[in-house]
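Each chain, written out:
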Amino acid sequence: MSDQARITNQKDGSSFVQAAGDSILRAALRAGLGLAYECNSGGCGSCKFELLKGEIETLWPEAPGLSERDRRRGRHLACQCRALGEVIIAAPSGTEYVPNIRPRRRSAQLAGVRDITHDLREFRFVSFEGAAFLPGQYAMLDLPGLTASRAYSMSNTTNERGEWHFQIRRVPHGQGTHTLFDRLAVGDEIGLDGPYGVAWLRTDNPRDIVCVAGGSGLAPMVSIARGAVDAGLLGERTLYFFYGARTPRDVCGEDMLRALPGFGQHIHFIPVVSLPGEEGQWSGATGYVHDQLERVLPERMAEYEFYFAGPPPMSQAIQELLMIGHQVPFGQIHFDRFF
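First, a word on scope: everything that follows refers to the structure included in this document. (Residues numbered from 1 in each chain as written. Predicted model: local features only at pLDDT ≥ 70, side-chain atom pairs only at ≥ 80, totals over all residues. Heavy atoms only, no water.)

This part is about the overall build of the protein. Looking only at helices and strands, one finds seven helices and 19 strands in the protein. Relative to its length of 339 residues, the protein is compact, with a C-alpha radius of gyration of 20 Å against a globular reference of 20 Å. Viewed in the frame of its principal axes, the protein has a C-alpha envelope of about 65 × 45 × 40 Å. Relative to its 339 residues, the protein shows a buried fraction of 53%. Taking all contacts inside the protein whose residues are at least 6 apart in sequence as the whole, residues at least 24 apart take part in 70%. Surface summary for the protein: the accessible area is close to 15400 Å², and the carbon and sulfur share equals 47%. Mean positive and mean negative side-chain charge positions of the protein (34 and 39 charges, respectively) differ by 4 Å. (Helix = DSSP H or I, 4+ residues; strand = E, 2+ residues; numbered from the N terminus. Rg over C-alpha atoms; globule rule 2.2 N^0.38 Å. Buried < 20%, exposed > 50% of the residue type's maximum accessible area, 1.4 Å probe, protein only. Contact = heavy atoms within 4.5 Å. Areas by Shrake-Rupley, 256 points an atom, 1.4 Å probe, with all protein chains shown as cover. Lys, Arg positive; Asp, Glu negative; His and termini not counted. Charge placed at Lys NZ, Arg CZ, Asp CG, Glu CD.)

To continue, consider the layout of surface pockets. Roughly 310 Å³ of volume is contained in the second largest pocket. Residue lining of the second largest pocket: Glu38, Glu96, Tyr97, Val198, Ala199, Arg202, Phe330, Gly331, Ile333, His334 and Phe335, and that is the complete set. In terms of residue class, the lining of the second largest pocket is made up of six nonpolar, two polar and three charged. (1 Å grid on protein atoms, 1.4 Å probe; cavity = no way out; pocket = protein on both sides within 12 Å on 5 of 7 lines; lining within 4 Å. Points joined across faces, edges and corners; volume = space filled by probe spheres on them. Nonpolar A, V, L, I, M, F, W, Y, C, P; charged D, E, K, R; others polar.)

Now for the pairing of strand E3 (residues 48-53). Bridging between E3 and strand E5 (residues 75-77) involves three bridges; their strand directions are antiparallel. Each bridged residue has a counterpart across the sheet, and for Lys48 the counterpart in E5 is Leu77. In terms of strand pairing, E3 meets strand E7 (residues 87-90) through three bridges, oriented antiparallel. Bridge pairing in E7 links Leu51 to Ile89. (Pairing = 2+ DSSP bridges.)

Moving on: the pairing of strand E1 (residues 4-9). Of the two faces of E1, only the one carrying Ala5, Ile7 and Asn9 is buried; Gln4, Arg6 and Thr8 on the other face are not. Two strands pair when backbone bridges link them, and E1 and strand E2 (residues 15-19) are joined in this way by five bridges, in the antiparallel orientation. When the sheet's bridge partners are listed, Ile7 is paired in E2 with Phe16. Here E1 folds back onto E2 in antiparallel fashion, the turn holding five residues, of which Gly13 has a positive phi close to 80 degrees.

By the definition in use, this model includes zero disulfides. The thiol of Cys44 is not disulfide-bonded; the next cysteine sulfur, from Cys39, is found 3.6 Å away. The exposure class assigned to Cys44 is buried, which follows from its relative accessible area of 17%. (Disulfide = S-S within 2.5 Å.)

Another aspect to go through is the sheet that holds strand E9 (residues 120-127). Spatially, E11-E10-E13-E8-E9-E12 is the arrangement adopted by the six strands of the open sheet, whose pairing is antiparallel. At either margin of the open sheet sits one strand with a lone partner, and together these are strand E11 (150-153) and strand E12 (163-169). Neighbour-to-neighbour, the strand axes of the sheet open up by a mean angle of 40 degrees, direction not taken into account. Direction of pairing for strand E10 (residues 138-142) relative to E11: antiparallel, over a ladder of four bridges. When the bridges of E11 are listed, Met140 appears paired with Ala151. (Axes fitted to C-alpha atoms, helices over the stretch in contact; angles between N-to-C directions.)

Here is the structure:
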């Protein structure tokens, strides 16, 4: 494969160059083009395209983002394919996917870690230049010994110190979290590529903000809350932060929100536990976190701007609640499908 390959998208007439090591999707985003995508890791299928001319290399043939029907029809995933020379594709695109900050590769060193819960840990990396990203976005980490990148959301906000904070849950038998939790030491260097993601904080409307997190979906929602404070959005508005946990010991995030100005007045933390355990162990709300939205929010659902991140069943339930149950406009619903 040559170091660079020219790619033309017949659907919108755009043309861009893929550098060595990039997928078709990442090459388009680096060029400032809005190729459709969500997860950037082969799971969601949003970046499907048709190959019209030329040859490609498929990085993950079994990626779940493609159905058997897609494969029979010759569809591919832009996030899991590289062009082998000049190619012409037909891929969906839109202005909503145009990156506000173009992603780029960099090296970063692990500067510190801290435990948040029994299986959730914060990893703080530092790059050699400023860290530029929007609240709610994520980066692709290239970890030693692994052939594929892993997507993790930042929990902090853009800064000149080059700090990238990630709150990551240990996944049983997960290669990425095994490397992070058990092998990586302070001072070790990794590859960091970003920012990516379309579920970033919107500042162009007066609506109150609702953040819903589950598991390691805590990170982007904390970033949204911190970004809302930094942008001065909570002087007249309120932010409701829901956290869905399995058991009482999984509940987290309150200390991070409590450190923000306006906590208790403009920022409200609502934890929900689905398995409360023995009587008296948990005195807060119980059940599923999406059900708690209807009980707590004082206005009609369509009056809010929603951000959420967490396990796929949680995200699916929230989508159905908002879009089908309450007709919330899709433009007010923001999430990335890689959790």
